[in-house]
Amino acid sequence: MSLLTNVMDHSLDDGYAEAAARKKAAGDGGLPKTLRAKLGLAAGLVLAALVVTVGAAQARVAAPVMAKEREELVDRIDRETAAADELEKSVDKLREDVSARQREALETTGDGDRAELAGILAGAVEVHGPGVKLVVNDAKEASTGGDGEPRGTSGFSDTGRVRDRDMQRVVNGLWESGAEAISINGQRLTALSAIRAAGDAILVDNKPLVPPYTVLAVGNGERLSTRFQDSADGLYLHALQENFGIRTNIAVQEDLRLPAAPSVIVRTAQPNTEKTEKGTS
């Protein structure tokens, strides 16, 4: 009976009132948690929208300036490119003029046959005749360089690409096998020519070449082809083909035409006329 009397004397409202008082004393009163969360989220969205709006406004303000700078940079690049093209044309014209004067001097100076031979051996005149056409190309599966860029710096042959020293051996092998005149991708080689590398690019007289590399060599076609393929350099090229997939093809040609070298300039060497002068005195 005491329990029933206690329940009748103290209603549940007193318990709820006591719990509410405790929450209020602890500072948990006010808005429900769900409502506070919604208001916080709304405030965050408003702040984010404000940041985006400010950023967009700044971008709109800066866009004309950036566009103008970009346009000025593009114009400058176009001007410099045009100037470089004009200079290159001027250089080519001067080289042609020098070559023409050299050929004229060879034709009009000294013994005709001897001057003609000197012009051929020096690469100062165009030549034609039988010979061989040798095409050397990178492997089909040639990989990119170490940085992922095509023909980037890397170890040449182990990536299936032709190296500068490979072309040096090819050219030296052809000279040794009896070639009388050689060109690579239309560039005539002379006693002053150099085959070098810049990164993975092959340069001939400082001009970059693009594969495939077409080597034309004037000489006795059949004999030149046989001698080269049986030589150490020809076997070296065959080993590159077998081991690294470098593609090669050699064919005998009845008539090849090789251009003259752009310019043949000797700055130091002078002809020795001492013996000739003694003989005429």
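Report on the accompanying structure. (Residues numbered from 1 in each chain as written. Predicted model: local features only at pLDDT ≥ 70, side-chain atom pairs only at ≥ 80, totals over all residues. Heavy atoms only, no water.)

Here we take up the sheet that holds strand β4 (residues 195-198). The three strands are arranged β4-β5-β6 in an open sheet whose pairing can be described as antiparallel. Lying at the two open borders of the sheet, with one neighbouring strand each, are β4 and β6 (207-209). Ignoring strand direction, the axes of neighbouring strands in this sheet form an average angle of 40°. Across the face of the sheet, helix α5 (residues 164-176) comes into contact with β4 and β5 (201-204) while running at roughly 170° to β4. (Pairing = 2+ DSSP bridges. Helix = DSSP H or I, 4+ residues; strand = E, 2+ residues; numbered from the N terminus. Axes fitted to C-alpha atoms, helices over the stretch in contact; angles between N-to-C directions. Contact = heavy atoms within 4.5 Å.)

Below, the discussion takes up a negative patch on the surface. Where like charges cluster on the molecular surface, the negative patch consists of E69, E71, E72, D75 and D78. Assignment of secondary structure puts E72 in helix α3 (residues 33-108). When its relative accessible area of 46% is taken as the criterion, E72 is described as partly exposed. (Patch = residues over 30% accessible without salt bridge, like charges linked within 9 Å, V, L, I, M, F, W, Y side chains within 5 Å. Areas by Shrake-Rupley, 256 points an atom, 1.4 Å probe, with all protein chains shown as cover. Salt bridge = Lys/Arg side-chain N within 4 Å of Asp/Glu carboxyl O. Lys, Arg positive; Asp, Glu negative; His and termini not counted. Charge placed at Lys NZ, Arg CZ, Asp CG, Glu CD. Buried < 20%, exposed > 50% of the residue type's maximum accessible area, 1.4 Å probe, protein only.)

Note that S231 resides in the loop between α6 (221-230) and α7 (232-244). Assessed through its relative accessible area of 15%, S231 is described here as buried. In terms of polar contacts, S231 uses its side chain to reach the backbone amide nitrogen of G234, at 3.2 Å. (Polar contact = N/O pair within 3.5 Å; in protein donor to acceptor, adjacent residues only side chain to side chain.)

Time to look at unusual backbone geometry. Here P211 and P212 are connected by a cis peptide whose omega angle stands at 0°. If you trace the backbone, P212 turns up in the loop between β6 and β7 (213-218). Backbone geometry at N206 places phi at a positive 70°, although glycine is not the residue there. Secondary-structure assignment places N206 in the loop between β5 and β6. Among the residues examined, N206 registers a relative accessible area of 58% and is labelled exposed.

On to the nonpolar core, then. Membership of the largest hydrophobic core comes to 25 residues, with the highest contact counts inside it found for M167, L174, I182 and I184. Counting only elements with at least two residues in this core, the list comes to β1 (127-137), α5, β2 (181-184), β5, β7, α6 and α7. One finds L216, V218, L256 and L258 within the second-largest nonpolar core, a separate group that totals seven residues. (Core = buried A, V, L, I, M, F, W, Y, C linked by side-chain atoms within 4.5 Å.)

Right, let's talk about α5 for a bit. In this model, α5 (13 residues) spans 18 Å end to end at C-alpha, consistent with the 18 Å of a helix rising 1.5 Å per residue. Considered for burial, the residues of α5 that qualify are D164, D166, M167, V170, V171, G173 and L174. Following α5 by one or two positions, G178 adopts a phi angle in the positive range, close to 115°. (Expected span 1.5 Å × (residues − 1).)

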